[in-house]
Structures are given as C-alpha cells and as structure tokens.
Amino acid sequence: MIRIVPYSDLSIVLIGETFSIKDKIKALGGTFNKSLSIENNKVPGWVFPKTKETDVEELVKTVNNNKKDEIKQSYYLSNNNLF
C-alpha cells in the first residue's frame, strides 16, 4: 500500500511500495530520499512540493485501486481452484 504523508509546510511525501511506479513518480517531479524522518522513524520515500498534491493523490488512488483489484482477482482465482 502507498500513502501520502504531510512533511512540511511546503512538501508532502509518498511512502510505501513504490518501486513498480517509480517512473510515474519521477514524471510527476518526485525526488527520492532514502532517509526521511516520519513518525520518529527513518524511512525511504519520495518528496513532492505541496503544489503537486492533487496529482500525487490521483496516482495513489489509481495504484491502490489496482492493488485491491489484484487482491480480489487472486482471491477469486484461488477459491475457484478449490472446487
């Protein structure tokens, strides 16, 4: 799952399973940082200016919906194999 986290007054970060969409993230202007400080933890993520928030939200919705569809499809296929 991918999520957006407010990072500063001027930026947001995208964290989670982003490897498969890194080219789309780069195209939106994201900058990778391997050591972001989020909730007292150091995590890797992508930094964006707040002005890109709407575009990043749309990307996350698309990716997360696709993941849900993949999970549903996997569940359906595995259950069909039981019969």
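Not measured: the values here are computed from a predicted model. (Residues numbered from 1 in each chain as written. Predicted model: local features only at pLDDT ≥ 70, side-chain atom pairs only at ≥ 80, totals over all residues. Heavy atoms only, no water.)

## Here we look at the overall build of the chain
Inference 1: A count of helical and extended segments in the chain gives two helices and four strands.
Inference 2: Counting from the amino terminus, the chain carries its helices and strands in the arrangement β-β-α-β-β-α.
Inference 3: Looking at the chain as a whole, 27% of its 83 residues qualify as buried.
Inference 4: Surface summary for the chain: the accessible area is close to 6100 Å², and the carbon and sulfur share equals 54%. (Helix = DSSP H or I, 4+ residues; strand = E, 2+ residues; numbered from the N terminus. Buried < 20%, exposed > 50% of the residue type's maximum accessible area, 1.4 Å probe, protein only. Areas by Shrake-Rupley, 256 points an atom, 1.4 Å probe, with all protein chains shown as cover.)

## Structural notes on the pattern of salt bridges
Inference 1: Counted under the stated rule, the structure contains two salt bridges.
Inference 2: Notably, a salt bridge pairs E39 with R3, separated by 3.6 Å at the nearest N-O pair. Of this pair, E39 sits in the loop between β3 (31-38) and β4 (41-49) while R3 sits in strand β1 (residues 2-6), and the two are 36 residues apart along the sequence.
Inference 3: Overall, the relative accessible area of 59% leaves E39 in the exposed class.
Inference 4: For the salt bridge of E58 with K61, the shortest nitrogen-to-oxygen distance reads 3.8 Å. Highlighted residues: E58 and K61, both in helix α2 (residues 53-80), separated by three residues, approximately one helical turn. (Salt bridge = Lys/Arg side-chain N within 4 Å of Asp/Glu carboxyl O.)

## A short note on the nonpolar core
Inference 1: If you look at the biggest cluster of nonpolar residues, it comprises 12 residues: I2, I12, L14, I21, I25, L28, W46, F48, V56, L59, V60 and V63.
Inference 2: Contributing elements (two or more residues each) for this core: β2 (11-16), β4 and α2.
Inference 3: Once residues lying within four places of it in the same chain are set aside, the contact partners of W46 are I12, V13, L14, T18, K22, I25, K26, G30, T31, F32 and L36.
Inference 4: Membership of the second largest hydrophobic core comes to five residues, among which are V5, V13, I15 and L36. (Core = buried A, V, L, I, M, F, W, Y, C linked by side-chain atoms within 4.5 Å. Contact = heavy atoms within 4.5 Å.)

## Some details on the environment of I25
Inference 1: Relative to the elements of secondary structure, I25 occurs in helix α1 (residues 22-27).
Inference 2: We classify I25 as buried; its relative accessible area is 0%.
Inference 3: Taking the C-alpha atoms as reference points, I25 and W46, separated by 21 residues in sequence, lie 7.9 Å from one another.
Inference 4: Setting aside its immediate chain neighbours within four residues, I25 contacts L14, T18, G30, W46, F48 and L59.

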